[in-house]
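Here is how the chains run, residue by residue.
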Amino acid sequence: SREGSYKGDGGASLVRVKMESYVLELQMMMCKGLVRLLAGLDAADRLKRPPRNTFTEEEQNFWQRFGVFHVCRHPPALSYADFAQHTRVDGVPPQQLLAAAAECFKEVRGKVAGLLGLPPGIVSPEQFADLTGMDKVAAANATATRLVEMPGVCVDFDYKHHPVFATVVIRREKK
């Protein structure tokens with residue numbers, strides 16, 4: 001059995017592997033929350049966008065970005081039609097997307113608190129830094145989901161709490 005292979009170190013390897021899987025799960029949940037947040041910000045017309053590229057069609061952009069992955073056998077390549085179908089959130093109100101993002105961030109915070117409450121030595125220093133950074137980002141982004149629809153505000157992003165996960169910064173629009 002796999003667990004039998006970890007017995008030589010008193011189970012420390014198994015604990016490390018389980019902790020890594022918990023942290024990975026939280027990172028995926030952060031990504032899910034950020035995707036929903038970005039979709040909500042876009043639907044609420046709060047994202048700054050570069051001017052539309054009139055020279056290249058949307059499908060051509062898809063192939064330029066993701067065409068290289070079509071040489072891989074696994075997982076099967078995503079077609080442009082599938083990509084377009086699964087990346088559109090037309091008809092979903094921004095409030096619903098922002099609420100879904102807030103739920104993800106709330107769940108991240110709860111799970112992070114549980115992991116940080118484990119006995120000393122289970123969470124490595126690197127994991128501790130990752131978890132505390134994710135907690136700060138999740139807290140700030142959960143708050144941002146409530147503030148973003150206020151009139152006269154604009155959003156920006158920074159990475160002061162975590163090197164991978166962006167924090168939404170709400171600012172008053174300059175007049």
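Above: the structure in question.
Residues numbered from 1 in each chain as written. Predicted model: local features only at pLDDT ≥ 70, side-chain atom pairs only at ≥ 80, totals over all residues. Heavy atoms only, no water.

Section: the nonpolar core
Inclusion rule: In these notes, a set of buried Ala, Val, Leu, Ile, Met, Phe, Trp, Tyr and Cys residues joined through side-chain atoms within 4.5 Å is what counts as a nonpolar core. Each residue is placed in one exposure class: buried if its accessible area under a 1.4 Å probe, protein chains only, is under 20% of its type's maximum, exposed if it is over 50%, and partly exposed if it falls in between. By definition, any uninterrupted DSSP run of H or I lasting at least four residues is a helix, any uninterrupted run of E lasting at least two residues is a strand, and each is numbered from the N terminus. By definition in these notes, contact holds between two residues if any of their heavy atoms fall within 4.5 Å.
The biggest cluster of nonpolar side chains holds 25 residues, and the ones touching the most others in it are Leu26, Met30, Leu37, Phe105, Val108, Leu131 and Met134. Looking at this core, the elements with two or more residues in it are α1 (12–43), α4 (94–116) and α5 (125–147). Element by element, the count of residues in this core is highest for α1, at eight residues. Residues contacting Leu37, with those up to four places away along its chain left out, are Leu98, Ala101, Phe105, Asn141, Thr145 and Val168.

As for the packing of α1 against α4
Short version of the rule: To obtain an axis, a line is fitted to C-alpha atoms, over the contacting stretch when the element is a helix, and the angle between two such axes runs from 0 to 180 degrees between their N-to-C directions. Between 65 and 115 degrees an angle is taken as roughly perpendicular, under 35 as roughly parallel, over 145 as roughly antiparallel, and anywhere else as oblique. Here a crossing is taken to be left-handed if its near helix is turned anticlockwise relative to the far helix by less than a right angle, and right-handed if that turn runs clockwise. Each residue is assigned to one of three groups, with Ala, Val, Leu, Ile, Met, Phe, Trp, Tyr, Cys and Pro labelled nonpolar, Asp, Glu, Lys and Arg labelled charged, and all others, Gly among them, labelled polar.
At a closest axis distance of 8 Å, the pairing of α1 and α4 adopts a crossing angle of 160 degrees. The pairing of α1 with α4 is recorded here as roughly antiparallel in orientation. α1 and α4 meet at a crossing whose hand is left-handed. A per-class count over the contact of α1 with α4 returns 20 nonpolar, two polar and five charged.

A closer look at the environment of Cys72
Topologically, Cys72 is positioned in the loop between α2 (58–66) and α3 (80–87). Remark: the alpha-carbon pair of Cys72 and Glu126, spanning 54 residues in sequence, is separated by 32 Å.

Section: the pattern of salt bridges
So the rule is basically this: What makes a salt bridge here is a side-chain nitrogen of Lys or Arg within 4 Å of a carboxyl oxygen of Asp or Glu, nothing more.
Counting across every chain of the model gives five salt bridges. The closest approach of N and O atoms between Lys111 and Glu25, which form a salt bridge, is 2.9 Å. With Lys111 in helix α4 and Glu25 in helix α1, this pair connects stretches of sequence that are 86 residues apart. Assessed through its relative accessible area of 34%, Lys111 is described here as partly exposed. A salt bridge links Lys111 to Glu107; the nearest nitrogen and oxygen atoms lie 3.6 Å apart. Here Glu107 and Lys111 lie together in helix α4, a separation of four residues that amounts to about one turn. Overall, the relative accessible area of 41% leaves Glu107 in the partly exposed class. Several salt bridges share partner residues, and in doing so they unite Glu25, Glu107 and Lys111 into one network.

These figures come from the coordinates and say nothing about function on their own.
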